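Residue-level structural notes
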Amino acid sequence: MSHFELFNLPVALDLDPAILKSSFLALQQQFHPDKASDKDTALIKSSEINQAYKVLANVDSRAAYLLALKKQDHHLDQSINDFEFLQSALEIREQLDEAADSKELQSLKIEVQQWIDGLVREFKIDYDDEDWAEARDAVRKLRFFQKVMNDIDKAEDQLLDDDSFNLDDEF
């Protein structure tokens, strides 16, 4: 059973995150080890549900999973050989390292989301055309930008933590 079947979702890159989460929570409740008579089986099923949700929750891992279903997921760990992309990626990383406030991080987040949206469009075309090499390349680039987006979120959290900490606060 594929992850899509597990959650009763269409096999597609575009998923409604709310429906995915709702299905995930319903399945977790159904197979919760504390509620099951066979705790070992429930624990295994619960773990499978968690893994499937983790894969489908992010567009980069969902795209890689779609390739895996077509047995086209080999060499996804190879380096990206697109010089222009690498140059842009380096510039974005530098912007992230130099970002000093939430406004700069928000601006960078918008730019990264635009990259992700463009790569999703590229992946869909390549996947539909069965251009597996280009689809794999799009997944590699999506993974990079998903990591950047996660790092932006961490930087925003750090700024919030720093802003909320004040030496004058009483403990």
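Residues numbered from 1 in each chain as written. Predicted model: local features only at pLDDT ≥ 70, side-chain atom pairs only at ≥ 80, totals over all residues. Heavy atoms only, no water.

The name an unreviewed UniProt entry assigns to the chain is Co-chaperone protein HscB homolog, from the organism Acinetobacter chinensis. Word for word, the UniProt comment on the chain under Subunit (unreviewed entry) is "Interacts with HscA and stimulates its ATPase activity." Recorded under Sequence similarities (unreviewed entry), the UniProt text for the chain is reproduced unchanged: "Belongs to the HscB family." (UniProt positions renumbered as here; feature names shortened; annotations may be inferred.)

Quick notes on the overall build of the chain
When helices and strands are tallied, the chain shows seven helices and zero strands. Starting at the N terminus and ending at the C terminus, the chain contains elements arranged as α-α-α-α-α-α-α. For 171 residues, the compact-globule estimate of 2.2 N^0.38 gives 16 Å, and the C-alpha radius of gyration of the chain, at 20 Å, exceeds that figure by more than 25%. Reported as C-alpha extents along the three principal axes, the dimensions of the chain are approximately 55 × 55 × 25 Å. Here the chain, with 171 residues, has 36% of them falling under the buried criterion. Taking as baseline every contact in the chain between residues at least 6 positions apart, the subset at least 24 positions apart corresponds to 67%. As displayed, the chain has an accessible area near 11100 Å², and 49% of this comes from carbon and sulfur atoms. Here the chain carries 19 positive and 38 negative side-chain charges, and the mean point of each set is 8 Å from the other. (Helix = DSSP H or I, 4+ residues; strand = E, 2+ residues; numbered from the N terminus. Rg over C-alpha atoms; globule rule 2.2 N^0.38 Å. Buried < 20%, exposed > 50% of the residue type's maximum accessible area, 1.4 Å probe, protein only. Contact = heavy atoms within 4.5 Å. Areas by Shrake-Rupley, 256 points an atom, 1.4 Å probe, with all protein chains shown as cover. Lys, Arg positive; Asp, Glu negative; His and termini not counted. Charge placed at Lys NZ, Arg CZ, Asp CG, Glu CD.)

Digging into the nonpolar core
In terms of nonpolar packing, the biggest core is built from 42 residues, with Phe7, Leu56, Leu67, Val112, Ile116 and Phe123 touching the most fellow members. Elements that contribute at least two residues to this core include exactly helix 1 (3-6), helix 2 (17-30), helix 3 (39-57), helix 4 (59-69), helix 5 (83-98), helix 6 (102-128) and helix 7 (132-164). A total of nine residues in this core trace back to one element, the largest contributor, which is helix 7. In terms of domain composition, this core takes at least three residues from each of domain 1 (3-57) and domain 2 (83-168). (Core = buried A, V, L, I, M, F, W, Y, C linked by side-chain atoms within 4.5 Å. Domains from an automatic or database assignment.)

Concerning the pattern of salt bridges
Applying the stated criterion across every chain yields a total of seven salt bridges. Among the ionic pairs, aspartate 14 bridges to lysine 124, the shortest N-O distance being 2.4 Å. Within this pair, whereas aspartate 14 is found in the loop between helix 1 and helix 2, its partner lysine 124 is found in helix 6, the two being separated by 110 residues in sequence. The exposure class of aspartate 14 is partly exposed, given its relative accessible area of 49%. Looking at lysine 124, the relative accessible area reads 28%, which means it is partly exposed. Lysine 109 serves as the salt-bridge partner of glutamate 156, at 3.0 Å between the closest nitrogen and oxygen. (Salt bridge = Lys/Arg side-chain N within 4 Å of Asp/Glu carboxyl O.)

Focus: the domain arrangement of the chain
Bring the parts together and some accessible area is lost; that lost area is often taken as the interface size. Examined at the domain level, the chain breaks down into domain 1 (3-57) and domain 2 (83-168). Taking only C-alpha atoms, the centre of domain 1 and the centre of domain 2 are 27 Å apart.

Observations regarding a negative patch on the surface
The grouping of Glu91, Glu94, Asp97, Glu98, Asp101 and Glu104 at the surface amounts to a negative patch. Element by element, the count of residues in the negative patch is highest for helix 5, at four residues. The topology assignment puts glutamate 91 in helix 5. (Patch = residues over 30% accessible without salt bridge, like charges linked within 9 Å, V, L, I, M, F, W, Y side chains within 5 Å.)

Considering the packing of helix 4 against helix 6
At their nearest, the axes of helix 4 and helix 6 sit 11 Å apart, and the two run at 10° to each other. In this view, helix 4 runs roughly parallel relative to helix 6, as classed from their interaxial angle. Between helix 4, through Val59, Ala63, Leu66 and Leu67, and helix 6, the contact on the second element is made entirely by Ile116, Val120, Phe123 and Tyr127. (Axes fitted to C-alpha atoms, helices over the stretch in contact; angles between N-to-C directions. Parallel < 35°, antiparallel > 145°, perpendicular 65-115°, else oblique.)

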